[in-house]
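# Observations on chain architecture
Residues per chain, in single letters:
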Amino acid sequence: YYFNAVMWAYYNKIVDGVGGNRFDPDSPITREQLATVFLRYTNVYGGGATGSASLSRFPDAGSVSSWALAGMQWAVANGIVNGSAESGVDYLRPQGAAAREQVATMVMRYDRNILQK
């Protein structure tokens, strides 16, 4: 049922799979994957993405994948990703699976901070 949507996103350079010309639609999406999808979508359909923030305030910034770095920097700069607090410290948890409530929050922030600008 999602074949057409995945192919549309692939041909529009919004997603590129998990490597080796493969997609893994049954796996949970990670925070860095979702941030990258938002960035790419904005570049294709949103008039171009602006903004880039340093991730140095997050202790786990070094664990952001190289291919996702621009997406995470953009998402933080635009208030889509704020980090997850633990003991008063914010973490990105870039490879962590985004729970439904986290996805909903990111979509809401994307709508407010990007689409409604």
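Here the structure is a predicted model, which is why all the values come from computation and not from measurement.

To continue, consider the side chain of Ser-65. Here Ser-65 is to be found in the loop between α2 (31-45) and α3 (69-77). Relative accessible area serves as the criterion here: at 18%, Ser-65 is assigned to the buried category. At a separation of 3.3 Å, a polar atom in the side chain of Ser-65 contacts the side chain of Gln-95. Residue contacts for Ser-65: discarding those within four places in its chain leaves Glu-32 and Gln-95.

This part covers unusual backbone geometry. One non-glycine residue, Lys-13, lies in the positive phi region at around 60 degrees. Even without glycine at this site, Asn-21 takes up a positive phi of about 55 degrees. Within the element layout of this structure, Asn-21 appears in the loop between α1 (3-11) and α2. Assessed through its relative accessible area of 76%, Asn-21 is described here as exposed.

Let us now look at the confidence of the model for the protein chain. Mean pLDDT for the protein chain: 94, with 100% of residues reaching 70 or above. Per-element confidence in the protein chain is highest for α3, whose mean pLDDT is 98, and lowest for strand β1 (residues 84-86), whose mean pLDDT is 89.

Further remarks concern the packing of aromatic side chains. Scanning all chains against the criterion turns up seven aromatic pairs. When the ring of Tyr-41 is compared with that of Tyr-45, the centres are 5.2 Å apart and the planes differ by 35 degrees; the resulting orientation is tilted. Placement of both Tyr-41 and Tyr-45 in helix α2 is noted, with a separation of four residues, approximately one turn of the helix. Accessibility expressed as a relative area gives 32% for Tyr-41, which makes it partly exposed.

With 20 residues, the main nonpolar core has Leu-55, Trp-74, Ile-80, Val-81 and Leu-92 as its most contacted residues. Elements supplying a minimum of two residues to this core: α2, α3 and α4 (100-115). Apart from residues lying up to four places away in sequence, Leu-92 is in contact with Arg-31, Leu-55, Phe-58, Asp-60, Ala-61, Val-64, Met-72, Val-76 and Val-81.

Taken as a whole and judged by the stated rule, the model has three salt bridges. The partner of Asp-90 in a salt bridge is Arg-57, and the shortest N-O contact between them spans 3.5 Å. Here Asp-90 is found in strand β2 (residues 89-91), whereas its partner Arg-57 is found in the loop between α2 and α3, with 33 residues between them in sequence.

Moving on, we come to the packing of α2 against α4. Helix packing geometry: the angle between the two helix axes and the distance between the axes. Running from N to C, α2 and α4 cross one another at 25 degrees; their axes reach a closest spacing of 11 Å. Considering their axes alone, α2 and α4 lie roughly parallel with respect to each other. At the point where α2 passes α4, the crossing takes the right-handed sense. Of the residues in α4, those in contact with Arg-31, Leu-34, Ala-35, Phe-38, Tyr-41 and Thr-42 of α2 are Gln-102, Val-103, Met-106, Val-107, Tyr-110 and Ile-114.

Judged by side-chain polarity, Trp-8, Tyr-41, Val-44 and Tyr-45 come together as a nonpolar surface patch covering roughly 370 Å² of accessible area. Counting residues per element, the nonpolar patch draws most heavily on α2, which supplies three residues. Relative to the helices and strands, Trp-8 resides in helix α1. On the basis of relative accessible area, Trp-8 is assigned to the partly exposed category, the value being 40%.

Scoring rules and cut-offs
Each chain carries its own residue numbering, running from 1 in the written order of its sequence. The model is predicted, so local features are restricted to residues of pLDDT at least 70 and side-chain atom pairs to those at 80 or more, both for listing and for counting; the totals for chains, interfaces and linings are taken over all residues. Hydrogen atoms and water are omitted, and side-chain values are computed over all heavy atoms in the structure. Per the convention used, a helix needs a DSSP run of H or I reaching at least four residues, while a strand needs a run of E reaching at least two, with both numbered from the N terminus. Summary of the burial criterion: residues with accessible area below 20% of their type's maximum are buried, those above 50% are exposed, and those between are partly exposed, where the area comes from a 1.4 Å probe applied to protein chains only. Identification of polar contacts relies on pairs of N or O atoms within 3.5 Å, with a donor-acceptor requirement for protein atoms, meaning one able to donate a hydrogen and the other able to accept it, and with residues adjacent in sequence counted only if both atoms are side-chain atoms. By definition, residues are in contact when any of their heavy atoms lie within 4.5 Å. In predicted models, pLDDT denotes the confidence assigned by the predictor to each residue on a 0 to 100 scale. Here a Phe, Tyr or Trp ring, Trp counted by its six-membered ring, pairs with any other such ring whose centre lies within 6.5 Å, and the pair is stacked when the planes are under 30 degrees apart, edge-to-face when over 60, and tilted otherwise. To form a nonpolar core, buried Ala, Val, Leu, Ile, Met, Phe, Trp, Tyr and Cys residues must be joined to one another through side-chain atoms within 4.5 Å. Salt-bridge detection follows one rule: a side-chain nitrogen of Lys or Arg within 4 Å of a carboxyl oxygen of Asp or Glu. Every axis in this analysis is a line fitted to C-alpha atoms, fitted for helices over the stretch in contact. Angles between the N-to-C directions lie between 0 and 180 degrees. With respect to orientation, any angle under 35 degrees is reported as roughly parallel, any angle over 145 as roughly antiparallel, any angle of 65 to 115 as roughly perpendicular, and every other angle as oblique. By definition, turning the near helix anticlockwise from the far helix through less than a right angle yields a left-handed crossing, and turning it clockwise yields a right-handed one. A patch consists of residues whose relative accessible area exceeds 30% and which take part in no salt bridge; residues with like charges are grouped when within 9 Å of each other, and nonpolar side chains (Val, Leu, Ile, Met, Phe, Trp, Tyr) when within 5 Å. To be clear on the numbers: accessible area is Shrake-Rupley with a 1.4 Å probe, and residue cover counts the displayed protein chains and nothing else.

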